[in-house]
2 protein chains.
Amino acid sequence: MTSISIIGSGKMSGAIAEVAARAGARIQIIKRRATSMSAARPGLEYGVLGDDLTGDLVVLAVPYGAYASVLDHYRDRLAGKIVIDISNPIDFTTYDQLTSPADSSTAAELAALLPEGTAVVKAFNVNLGDTLTSGTNGTTPTTVLYAGDYADAKMSVAALVEAAGMRAVDVGPLTRARELEAMGFLQIILAALGKTRYESGFALLP
Amino acid sequence: MTSISIIGSGKMSGAIAEVAARAGARIQIIKRRATSMSAARPGLEYGVLGDDLTGDLVVLAVPYGAYASVLDHYRDRLAGKIVIDISNPIDFTTYDQLTSPADSSTAAELAALLPEGTAVVKAFNVNLGDTLTSGTNGTTPTTVLYAGDYADAKMSVAALVEAAGMRAVDVGPLTRARELEAMGFLQIILAALGKTRYESGFALLP
């Protein structure tokens, strides 16, 4: 049975937990503090930052600026896990740039900080949260684009997405995270400007 | 009446000519050589590289690598025109990177080469040609994303797109061309891999 740990408890954490629940996965949500943890249900447990991670897949569902503090707790314990980077490191004071290096990506930066050989997969960053919760985007199943350098890890992420009734599309090696982050940036700008709804966004048509 | 000059005679040239024809624009297509120019019809004239440009809008529908030779002919004559950059400068030997600078774009590079104050608009690079020719992408009108620093120039491009029955969406200043080029790159990879059809691709849902 697939198991997933989601670090963070914001909107994207909830959306990915919903995806995992549809896929029948065992879910752990890691919060910053041990408050409001009463909503646990079968298949869903809560933990606080520092607790052991029970999932084989680990999603960093915190802003990119908080990655360092997450790694303070978990860097060594992420060895052997499949680490999913969903971030869009937008400078929200200006909405005018990404804070990741122009020729790289948060995913590549993260991979460089983790123990050698840790499989990082970029995924879900081009999905507005509501399209994950609902599983649909317009009239089509939501498409999840993903990139990474480890085939097995990518297959695990694709299997989760597909078990949740969505379409998973491999866009290539982790270097493609640069382009996924650019596209995620565009999508968030367009949603903020009202050019698309937060319930839809970009769709990859078949 | 809108008038447009399209430099280049490949697939995207034909697709944008079709858009312009639907919009009722006067069209000039500039070819490299004076061969097969017999297909002119009312509202459509042909020219060869070096001929004067009759359009207020000028589309560079040649590969990015050919921009320099186009500028040899036209740099000074582009002053006062609205120059539309549609390029996706993919390294087609590897399909693994863009040849534009990581922190910039072909559009910004082009603007720097033109006479000061020339209005460059990035547009059409996230549209596979067939979606321009048909005007539809899946069940929705094709959306044309565009970026630029000159409001009047952007309005002219948007007016052409809308007169052709499509949706035009302003994504911001010319710096956003970086992200449009990243997204165009992803789309071409996905079409080449068969993950989307050349008749569809990414759609921005309302």
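None of the values given here were measured: they were computed from a predicted structure.

Participant: Describe a negative patch on the surface, with residues and values.
Facilitator: A cluster of acidic residues, Asp-103 and Glu-109 of chain A together with Asp-103 and Glu-109 of chain B, forms a negative patch at the surface. With respect to the secondary-structure elements, Asp-103 of chain B resides in the loop between strand 5 (82–85) and helix 3 (106–113).

Participant: Explain the relation of the copies chain A and chain B residue by residue, including any values.
Facilitator: In the superposition of chain A on chain B (RMSD 0.0 Å, axial shift 0.0 Å), the rotation amounts to 180°. The transformation relating the two chain copies, once decomposed into turn and shift, fits a two-fold axis. A shared interface surface links the copies, since 100% of the contact residues of chain A are contact residues in chain B too.

Participant: Requested: an account of the environment of Asn-125 of chain B, with residues and values cited.
Facilitator: Residue and element names in this part refer to chain B. Considering the arrangement of structural elements, one finds Asn-125 in the loop between strand 6 (119–123) and helix 4 (129–134). Look at Asn-125 and you get buried, because its relative accessible area is 3%. Along the backbone, Asn-125 and Pro-89 are 36 residues apart, and their C-alpha atoms lie at a distance of 10.0 Å. Here Asn-125 is in contact with Ile-86, Ser-87, Asn-88, Leu-180, Glu-181 and Gly-184, once residues within four sequence places are set aside. For Asn-125, the side chain forms a polar contact with the main-chain oxygen of Leu-180, separated by 2.9 Å.

Participant: Describe in detail the sheet that holds strand 3 (residues 44–48) of chain B, supporting the description with residues and values.
Facilitator: Residues and elements named next belong to chain B. If you walk across this open sheet you meet the eight strands as 3-2-1-4-5-6-9-10, and the pairing is mixed. Only two strands of the sheet have a single partner each, and these edge strands are strand 3 and strand 10 (167–172). Each strand axis lies, on average, 25° off the axis of its neighbour in the sheet, ignoring direction. Note that strand 1 (residues 3–7) and strand 2 (residues 26–31) share five bridges and pair parallel.

Reading guide: rules and limits
Residues numbered from 1 in each chain as written. Chains lettered and ligands numbered in written order. Predicted model: local features only at pLDDT ≥ 70, side-chain atom pairs only at ≥ 80, totals over all residues. Heavy atoms only, no water. Patch = residues over 30% accessible without salt bridge, like charges linked within 9 Å, V, L, I, M, F, W, Y side chains within 5 Å. Areas by Shrake-Rupley, 256 points an atom, 1.4 Å probe, with all protein chains shown as cover. Salt bridge = Lys/Arg side-chain N within 4 Å of Asp/Glu carboxyl O. Lys, Arg positive; Asp, Glu negative; His and termini not counted. Charge placed at Lys NZ, Arg CZ, Asp CG, Glu CD. Helix = DSSP H or I, 4+ residues; strand = E, 2+ residues; numbered from the N terminus. Least-squares fit on C-alpha atoms with pLDDT ≥ 70 in both. Contact = heavy atoms within 4.5 Å. Buried < 20%, exposed > 50% of the residue type's maximum accessible area, 1.4 Å probe, protein only. Polar contact = N/O pair within 3.5 Å; in protein donor to acceptor, adjacent residues only side chain to side chain. Pairing = 2+ DSSP bridges. Axes fitted to C-alpha atoms, helices over the stretch in contact; angles between N-to-C directions.

Function cannot be inferred from these measures alone, as they are strictly geometric.
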